[in-house]
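As a plain string of letters, each chain reads:
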Amino acid sequence: MKNSFKFHSEIPVTSLTHKWIDHKSTLKLVSPNNRSNIEIIVVGTGLAGGSAAASLSELGYRVKAFCYQDSPRRAHSVAAQGGINASKNYKGDNDSIYQLFYDTIKGGDYRSREANVYRLAEISSNIIDQCVAQGVPFARDYAGYLETRSFGGTKVSRTFYAKGQTGQQLLLACYSSMARQIGKGRIKMYNRHEMLDLVTVDGVAKGIIARNLISGKIEKHAAHAIVIASGGYGNIFFLSTNAMGSNASAIWKVHKKGGFFANPCYTQIHPTCIPIHGNYQSKLTLMSESLRNDGRIWVPNKLEDAVFLRNGSKKPEDISEENRDYYLERRYPSFGNLVPRDVASRAAKERCDKGFGIENNENKEGVFLDFSFSIEKYGKEKANELGIQQPSSLDKKKLGKKIMESKYGNLFHMYEKITNEDPYKTPMKIYPAVHYTMGGLWVDYNLMTSIPGCYVIGEANFSDHGSNRLGASALMQGLADGYFILPYTIADYLSKCITEKISTKHIAFQQAEKNVKDRIQKLIQNNGNMPVDFFHKKLGNIMWKYVGMSRNHIGLCKAIKNIQELRYEFWKNVFVPGYVDDGLNSELEKAGRVADFLELGELMAMDALNRKESCGSHFREEYQTKEGEALRDDVHYKYVSVWEYRKNYPISDEIMHKEDLNFTFAKVQSRSYK
Amino acid sequence: MNFKLKIWRQKNSKEKGYFKTYQIYNISSNSSFLEMLDILNNQIILCKKKDSSPISFDHDCREGICGMCSLYINGRAHGPDSLTTTCQLHMRHFHDGETIYVEPWRAKPFPIIKDLIVDRSSFDRIIISGGYISVNTFGKTIDGNMIPISKHQADKAFDASTCIGCGACVAVCKNRSAMLFVSAKVSQFALLPQGKIERKKRVLNMIKKMDEEGFGSCTNTRTCEVECPKGISTEYISFMNREYIQSFTI
């Protein structure tokens, strides 16, 4: 382990249940009258960045917040559908902090930090209270209390939700908290701005270089601390469920300035997306995992039926019960359709690889998510409630449909818009797609990167999800980091900065600004022949084929080589229209982002190649059990892989460090959902 | 499918805009409207003429929830399909060979930035004026179940809260009124016990700001409700009016 002195996880040495409480009591404070002298930059205004910006400014710090959208209300957290977890045990199903902790650790396949996950579970219930106070219209039962539902990988009902728009409601709540502070002048909001570099002075983060996307002006911003909350990098696959603008540039720039990158190869593939239709497609749409509460997943068990379904000569309703293969219920009887996302995704791939896919697309990929059973069940219950004797099947369908509508209305509507099929009448077609990246910048227990003064929160860091993220836990982490963790831990660092004056006059700012300008110039004057999308699609193909749902040694080596070649080709042959002094230029924005993806992609493949085991979202074909389940290797790989970029060296020369993972509270065992 | 597109091009807020005609061929009926524009843009880029820059338009999530996409298509906000954002609009809703007109939102409080992109920060300023509950976010609040809310009331507040802030209501209104947007937020909070404490101040401030920003008044033509991609009801406008009047009397 080389250079290990450079990073220390700062995890307090005490019993797991006391770590956070004890740690908080040792953190240094900044007195209220000093806080207004301190400036903090927050990059990204989704759930993590928005909640952090609101909380920090409410505490009295001066905050500058940046987002590339036209308003913080549009950050991609808005698209999260299903819900947010909290261990409140409102349902009396014996939920507890320990149960949430245990499910999350197990769900992450024992590749996450025990201390961080425990803290997350501890804080979870505060988040719900906070959001209720802010006016989030969570679903309620008839007695007026908060309603919950269940998600994959758990056996309790702990997911709080607002129909299929939970992310939207949570984001709008933290956006309005931000708005309140913007009104007071404590947050200075920079909409339509993109961070293009991190500025460090003597190895300490002191500011950022940003581009005003409307005027094209390059701006220098200094601050006492920088918080990056820029989200995940799933768009590297071109087709993903991420918003079109989601990118890796902010975290990649921090990495190249000395921030270590952890577990880059962990990309979650979400099992319930609408299958790909054609090669014109720009993005994939997710159907919330919560649908698996009321949907049964199946494919036909006869190959000829699959062919009939694909060519349209049979409808799903024509396949009789005994000719259906409810493969999740068959393989994993105890969790059934609610197995974690990685397990559900691989099981779907396995069926489609064997030829049972039902969608008429290029790769014949797709499975059914069938709601007819729940519609029937709910219809029957409602008919009983209303005292209807012997309801007809039409009555039951009508009543059941109403109940489904109240639970998932917008999702069904969205599906119909995209596919032109009515999911109340016929099963949805779904297939796995790239969704969430568990890897990200390495942070310590205080959420600080290996660069002092630079913090990373939410999806942009690596810390809480291990190699797989359970549903409804991303919203939980984003808000926990922003509302309840960072505001405490950042003070510890800032307490040393109260007399420090900041300025953008330092030579490091001029240098960083020049580098940014040079790169823009290079892109625009390149005068190649192909548009940016061409390279992005090609990169996406390489990533999906070799670094996607399953990986192997040969494929990963190929991926590394292909990405290097593509990167060379990009810089030789990309064409970016417009002029350097133009303002708004979305092709230029895309070009910068794809250039960064073309480097990060190589690191992802290198990381996947190094990890000779299967765990969570990382499935190495060489390491599997006879039944095709992931085979983990705890003896050799129970660590976080932490990559260090070396200035003036290619990506392939990055150094890997290991942060060993110790489990004291959770018993490490092989994951079984059977 | 093939289309003739008449698209509004405008270099910036100061210069005059104009319609430019484009032809596009072999578009799948399953592609979305924005995907069709992506294809067109790549064709423009491939021509490599410095004076023909790709068309700028706003978009992000492409799942109908972020509210970033806009576009006035054939005289309708978000195009011909109801309850749909432009990103969720698919080409199967058009006829082969059709001529399609594409324009930006046209409203004074939404100045044009470039081509089809407008500046909707006036909506942010309305929220900043009071569209929130003044609770701090870092401390301790009471347990969520200590504030029971009837299911009916919670559902009603939820329906109001689903507004995505896209601005279609303003774009289609002959008075350029933002009443649907503002009333949705006012109603969401006024319907919940947590929001009742500040309801008077909130409605006064938000309406004042809305007027300052130059949005017009509501004359109950209800086109906003028809074109709202989230189907927000004009009932909330009545609700807001009641709140407004009551704020003077209570």
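Residues numbered from 1 in each chain as written. Chains lettered and ligands numbered in written order. Predicted model: local features only at pLDDT ≥ 70, side-chain atom pairs only at ≥ 80, totals over all residues. Heavy atoms only, no water.

Looking at an unreviewed UniProt entry, one finds chain B named Succinate dehydrogenase iron-sulfur subunit and attributed to Blattabacterium cuenoti BPAA. Among the UniProt annotations of chain B, the heading Sequence similarities (unreviewed entry) holds the following wording: "Belongs to the succinate dehydrogenase/fumarate reductase iron-sulfur protein family." (UniProt positions renumbered as here; feature names shortened; annotations may be inferred.)

As annotated in an unreviewed UniProt entry, chain A carries the name succinate dehydrogenase and is attributed to Blattabacterium cuenoti BPAA. According to the UniProt record, the Sequence similarities (unreviewed entry) comment for chain A is "Belongs to the FAD-dependent oxidoreductase 2 family. FRD/SDH subfamily." The UniProt entry for chain A carries the following comment under Cofactor (unreviewed entry): "FAD".

Residue and element names in this part refer to chain A. Taken N-terminus to C-terminus, the directions of helix α11 (residues 372-386) and helix α12 (residues 393-419) make an angle of 105°; their axes are 7 Å apart at the nearest point. Considered as vectors, α11 and α12 are oriented roughly perpendicular to each other. When α11 is examined against α12, the residues S374, I375, E376, Y378, G379, K380, K382, A383 and L386 are found in contact with a partner set consisting of K396, K397, L399, G400, K401, I403, M404 and K407. Classifying every residue of the contact of α11 with α12 by side-chain character gives 7 nonpolar, 3 polar and 7 charged. (Axes fitted to C-alpha atoms, helices over the stretch in contact; angles between N-to-C directions. Helix = DSSP H or I, 4+ residues; strand = E, 2+ residues; numbered from the N terminus. Parallel < 35°, antiparallel > 145°, perpendicular 65-115°, else oblique. Contact = heavy atoms within 4.5 Å. Nonpolar A, V, L, I, M, F, W, Y, C, P; charged D, E, K, R; others polar.)

How big an interface is tends to be expressed through the accessible area that disappears when the partners come together. All names here are of chain A. Domain parsing of chain A yields domain 1 (289-433) and domain 2 (507-660). Its C-alpha centre places domain 1 at a distance of 36 Å from the equivalent point of domain 2. The partner domain 2 presents 9 residues to the 8 residues of domain 1 that form the contact. Buried area between domain 1 and domain 2, both sides added, is near 680 Å², and the carbon and sulfur share of it is 57%. Seen at the junction of domain 1 and domain 2, the total is 1 salt bridge. Counting every contact that joins domain 1 to domain 2 gives 3 residue pairs in polar contact (both at pLDDT 80 or more). Contributions of two or more residues to the side of domain 1 that touches domain 2 are made by α10 (341-353) and β16 (428-437). When residues of the side of domain 1 that touches domain 2 are assigned to their parent elements, the largest contribution, 4 residues, is made by α10. Counted by class, the side of domain 1 that touches domain 2 contains 3 nonpolar, 1 polar and 4 charged residues. (Domains from an automatic or database assignment. Buried area = accessible area lost by both parts, 1.4 Å probe. Salt bridge = Lys/Arg side-chain N within 4 Å of Asp/Glu carboxyl O. Polar contact = N/O pair within 3.5 Å; in protein donor to acceptor, adjacent residues only side chain to side chain.)

Parts of the prediction with low pLDDT should not have their coordinates interpreted in detail. Summarising the model, chain B shows a mean pLDDT of 96, and 99% of its residues fall at 70 or more. Listed scores for the predicted complex are pTM 0.96 and ipTM 0.97. (pLDDT = per-residue confidence, 0-100.)

Before going further, it helps to examine the UniProt feature "active site" (unreviewed entry) in chain A. Residue and element names in this part refer to chain A. If you check UniProt for "active site" (unreviewed entry), the listed places come out as R341 in our numbering. Its place among the elements puts R341 in helix α10. In this view, R341 contacts F151, Q268, I269, H270, P271, E289, R292, H435, N468, R469, G471 and A472; residues no more than four positions away in its chain are not counted.

Right, let's talk about the pairing of strand β2 (residues 62-66) of chain A for a bit. Residue and element names in this part refer to chain A. Burial analysis of β2 places 4 of its 5 residues in the buried class, the great majority of the element. Both strand β1 (residues 39-43) and β2 contribute to a ladder of 5 bridges, which runs parallel. Residue E39 lies in a different strand from β2, and its bridge partner there is R62. Of the strand pairs in this sheet, β2 and strand β6 (residues 187-190) are connected by 4 bridges, and their pairing is parallel. Paired with A65 across the bridge in β6 is M189. (Buried < 20%, exposed > 50% of the residue type's maximum accessible area, 1.4 Å probe, protein only. Pairing = 2+ DSSP bridges.)

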